[in-house]
Amino acid sequence: MVLFKRKPVQYQPKPHIENDETEVWVIKATGEIFIDYEQYLARMDFYKQRRFICQITGHSGLSFFEALKSELAGAQEVEEAFPEALKGPILRRVQFQTISRIDTLVDLIFDEFRSDYYPGEAVTVHVVTGERLTGIVRDKTRFGSKVLPDGTVSAPFSRYFVSLDNRPTEEAVVDDAHITRDRKIFTKQVLRSFIKKTVTREAWTGAPWLVKPEVAQVYHIDTRVPPHLRYESKAAERKQKQAQQKNGQPDYDGMVGSFQGNASRLPELKPAPKSHKSKQQQQQQGQLAKTVGPPPQVGPHGPHGPHFTNYHNASFTFAPLASMPPVPPPPPPIKYPIEDLQVAPRHNAPQRPTLKFFSQDTPTDIGTTKGEGNGILMRSIGPLLECWDTLNVYCEILRLDSFTFDDFVEAMQFSSEDVDCELFVETHCAALKMLVSSEAEGGKIHVQLPDMDEESEDEDSAAEASPAPTPTPEPEPKPKGRATRSSLAKAEAEALKAEPEPAKEPTPEPQSPHRAAEMQVEIGWIDRLRKRDFKNGGWQIIMVGLLHQLSKSPRNFESCEILLKELAPLDMPPTSETARQQYAKLDVNLRIQALQIVCMLIAETKAVRNYMEECSEQMTTFRKEKIQFQRDRKALLEELRLLNEERKILLPANLPPSPIPENKPLHGDVKMTGVEEKTGDETEEEIIDTDEDPHLGRSLRRGLDRAAERKRKRELEQEKKEKAEAEAKIPKQSKQFTKLMKDIAKKEEAIKDCEDEIAILDNDLREADCPRTRVLGKDRFWNRYYWFERNGMPYAGMPNSSTAESGYANGCIWVQGPDDLEREGYIDMKPDWQNEYRMKFGMSVPERKKMEEGATSLFTAHQWGYIEDPEALDGLISWLDTRGTSEVKLHKELKLYRDRIARNMEKRKEYLNPAEDKSVDSGPKRMSTRRKEQHVDHTAHRCLSWHNSIALDELGHLHSDQPRARKPAKKAAAPPPVVEEERQTRSEGKGKKQKGLGRQGTRYEF
């Protein structure tokens, strides 16, 4: 029956039609008849709403006709699939059940009938010979339990008489342990559909399940509802209980009924009034209650209690029971996973592996860190990771080779006036080129910048250039007629009004703490960026101009002013050389801050948005391909299953015989035990050793060589003979079996190909997922865990990068502390909540955090730690408690990527600590020729081995070089980048064919 708002749809009653010629409208699906056309249309509109539910399948959001069609199809399928022999017994068991939830009812019926069989049911029996035979249950005998001499009760059991298929004269008698049915026939899903189809229930609390009348008539099931299950009885019972509760009377009838088994509730017990007895009497009563039971009440019926009086009065009724606290129900079993901090601490639980810190100012004072002395502060670690991730994820549109995090950190710290670090320069130049197009491309600005207030500055400069005119004094007006005091006062007042207000002295504007504006007087930073003038301090002065303009925004004022004071100080001339020198000795934390500002502007450009949209479209294509391969794999697995079943049938006839122990040959060479046989080489050595002076002429060992050759030939012939005899003993397999094995091998190979394609598409989806960095998960103390290779980039960086031999990109698990809201709400809670937590677990949340995290902890979201060892990674996985909702997800992610993370960690160790015989090869480096004298030790810096090969291949020059008018092919030979020419690109390395240009598709032009 179709449901609407979880209730069966009620059809309209048939109208009374007096005249047979009356025009009527009929809905054929329901048989409803309407005299009024408007009512017919309203009913059809109601049926066409997508708010109906198919009762059998449970599908919602259907129109009435779709739900009815689905219900009829489902009913037909259930009717054919469900065993006929089980229908009657199950319906009798379901009839008049008062379990409200159908899921609970299905579980109850399924557990009761899964090991019970009925006559007429098709089953499989295990006979004494070990065979599995099919048959039909002919009869069933049920034996009840009996009481044994020792007082125990034996379990009931059944015996089944089964008529075997294809054996009309044989029958099997089996017990419960040797009979089964097909699992696909009797399942919870099929049982649920059958119950929904044949049983209904009214919409009031406590209503019983009733078999539909037409079905009950077929299986001879009584449909008369017992009186105590009818709605009237239930309503009267509820009213009576409400009245008793209102009057304060105990429910005697309910208690008596509970002894008779008719009611399901115990009487309501109320606490007794406080006793006024002495403490001694109360102690005596307490001791008596421990031995006998609750003490009798001394009331109007005397010391013997109410039962004694009622017994002698022959009116047996229960008086109010003594005050007795109700027995609390046992706590329900905890269903994991639950909130992480609500999981009880484990006994002798391991501590989280010790975190390492990349910064100088660590959150704790315990121990030393690797980052000690590198100058990077904790507040800069987050922006540093953000810049590295942004530049690597969008390296294709930036036209940058990917680079490792360690090389990036070293480049940010590199400082030299003689040598330019190509990695440091190229990242800044490539990022700046994203903001403004070149002159050849129109010079369009791609980001929104604050106004510079040029008009007000021009007005101020014009006012300063022209001196203010000196006002000419006007003659005082002479009073007309006779002058009086009042007339003179009026005249003075008018003169004061007519006089112009004295010019106020201009308020001196605050002096700028830097000279960034003066650096842009000769040529603005936008025009310089359009010309791609990056050489000789060009990109540094562009950075100064950009920061100066961004400082006009209140949001960036403070951070930009700090940078401008360092890059354009007041005591140095406002030139590009000053900007270059100041940037060369700029603190690494300020460098990170400046690059982060540019990276955040990059995210606002149209090119990045188009890039993300294209990646999203490509991910949609990959998902469709993956779904198709999954379908193909599923179909191949089903075909392979059928072939394996056929192979099992043909296998006994094609098995080789049991191996026969080989007897020792009667004739032939016999090896003597205890005597070592000398080989030809040993004989030759002995011959050579006998001569003090070896002959320099022709060798005389040809005879020994011939003997060894003859012996080797005899052994080969003997092996061939034995192999031929062994093959002759093996029976030849049938052509059908051989062909079947070949088909199985082909199917397995096709399945493997599908799985490989699915794995490749999964990797493509991971690399194309670039809009945001995916977090691995959180632990119980709200620390976030990041593995930056998780999405948006290849695991080891771009395969055609100049530093691709490093084999990793970041190589660490980064841990970020909790957010302020999370810390205040879950860790540093209010004292009342901390006390409640301490009462439950014996410690507060901060104490638990200190105990379980060990010596290293993170307290805010601005603090970062990392894990760089596979052993520490395994320790982290074992530390996580999968009973918590957050940690079970983090544990799953870490287990999924564990091997890949550990491999990258090992590659990072090898890259940072090369073997002694392998020094850090900087390779052919492209260095700045601005200075002829170079005094920097190149081998001491790995970052100098990085080269921007993508820019050289696509543009013909580096980003920092001036674009040339001639063809890139005629450019003076820059040293070729250290790239293996045979290295496959990312898409080729995966084996993809015709997938476009990789994760991002087309290239972007600027």
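Residues numbered from 1 in each chain as written. Predicted model: local features only at pLDDT ≥ 70, side-chain atom pairs only at ≥ 80, totals over all residues. Heavy atoms only, no water.

(A) Examining the packing of aromatic side chains more closely. Applying the stated criterion across every chain yields a total of 40 aromatic pairs. Relative to Tyr37, the ring of Trp25 lies with its centre 5.2 Å away and its plane at 50°, an arrangement referred to as tilted. In this pair, Trp25 is assigned in strand E3 (residues 25-27) and Tyr37 in helix H1 (residues 37-47), connecting sequence segments 12 residues apart. Ring geometry for Tyr117 against Tyr160: centres 5.6 Å apart, planes inclined by 85°, an arrangement best described as edge-to-face. Of this pair, Tyr117 sits in the loop between helix H4 (102-113) and strand E6 (122-126) while Tyr160 sits in strand E8 (residues 157-164); the two residues are 43 residues apart in sequence, bridging distant segments of the chain. (Phe/Tyr/Trp six-rings, centres within 6.5 Å; stacked < 30°, edge-to-face > 60°. Helix = DSSP H or I, 4+ residues; strand = E, 2+ residues; numbered from the N terminus.)

(B) Focus on helix H3 (residues 84-94). Within the sequence span of H3, burial applies to Ala85, Leu86, Lys87, Gly88, Ile90, Leu91 and Val94. The inward-facing, buried residues of H3 abut helix H2 (64-81), H4, helix H5 (188-198), strand E11 (199-201), strand E12 (209-211) and helix H6 (213-218). Among the residues trailing H3, Phe96 stands out with phi positive, at a value near 70°. (Buried < 20%, exposed > 50% of the residue type's maximum accessible area, 1.4 Å probe, protein only. Contact = heavy atoms within 4.5 Å.)

(C) Region of the structure containing the packing of helix H11 (residues 381-393) against helix H13 (residues 405-413). Here H11 crosses H13 at 120°, and the two axes come no closer than 11 Å. With respect to H13, the axis of H11 lies oblique. In terms of crossing hand, the pair formed by H11 and H13 is right-handed. Contacts between H11 and H13 involve Leu384, Leu385, Cys387, Trp388 and Leu391 from the first element and Phe405, Phe408, Val409 and Met412 from the second. (Axes fitted to C-alpha atoms, helices over the stretch in contact; angles between N-to-C directions. Parallel < 35°, antiparallel > 145°, perpendicular 65-115°, else oblique. Left-handed = near helix turned anticlockwise from the far one by under 90°.)

(D) The side chain of Asp779, seen in detail. When you line up the elements, Asp779 lands in the loop between strand E13 (775-778) and strand E14 (784-786). Looking at Asp779, its side chain comes within polar contact range of the main-chain nitrogen of Phe781, at 3.0 Å. Among the polar contacts made by the side chain of Asp779, one reaches the side chain of Tyr785 at a distance of 2.9 Å. With near-sequence residues (within four places) excluded, Asp779 lies in contact with Arg352, Tyr785, Glu853, Trp879, Leu880, Ser886, Glu887 and Leu890. (Polar contact = N/O pair within 3.5 Å; in protein donor to acceptor, adjacent residues only side chain to side chain.)

(E) Local environment of unusual backbone geometry. With omega at 0°, the peptide bond leading from Tyr336 into Pro337 counts as cis. The phi torsion at His220 lies on the positive side, around 55°, for a residue other than glycine. Here His220 is to be found in the loop between H6 and helix H7 (231-247). Non-glycine residue Asn536 carries a positive phi angle of around 50°. Among the secondary structure elements, Asn536 is positioned in the loop between helix H18 (525-530) and helix H19 (538-550).

(F) Spotlight on the nonpolar core. Formed by 113 residues in total, the largest nonpolar core has its most connected members in Phe408, Leu432, Trp539, Leu546, Ile813, Trp814 and Leu894. A per-element tally of this core places helix H22 (residues 588-602) first, with 10 residues. Among all residues touching Leu432, those that are not within four sequence positions of it are Leu529, Trp539, Ile542, Met543, Leu546 and Val598. Counting residues in each nonpolar core, the second largest holds 42 residues, with Leu86, Phe113, Val190 and Val211 among its members. (Core = buried A, V, L, I, M, F, W, Y, C linked by side-chain atoms within 4.5 Å.)

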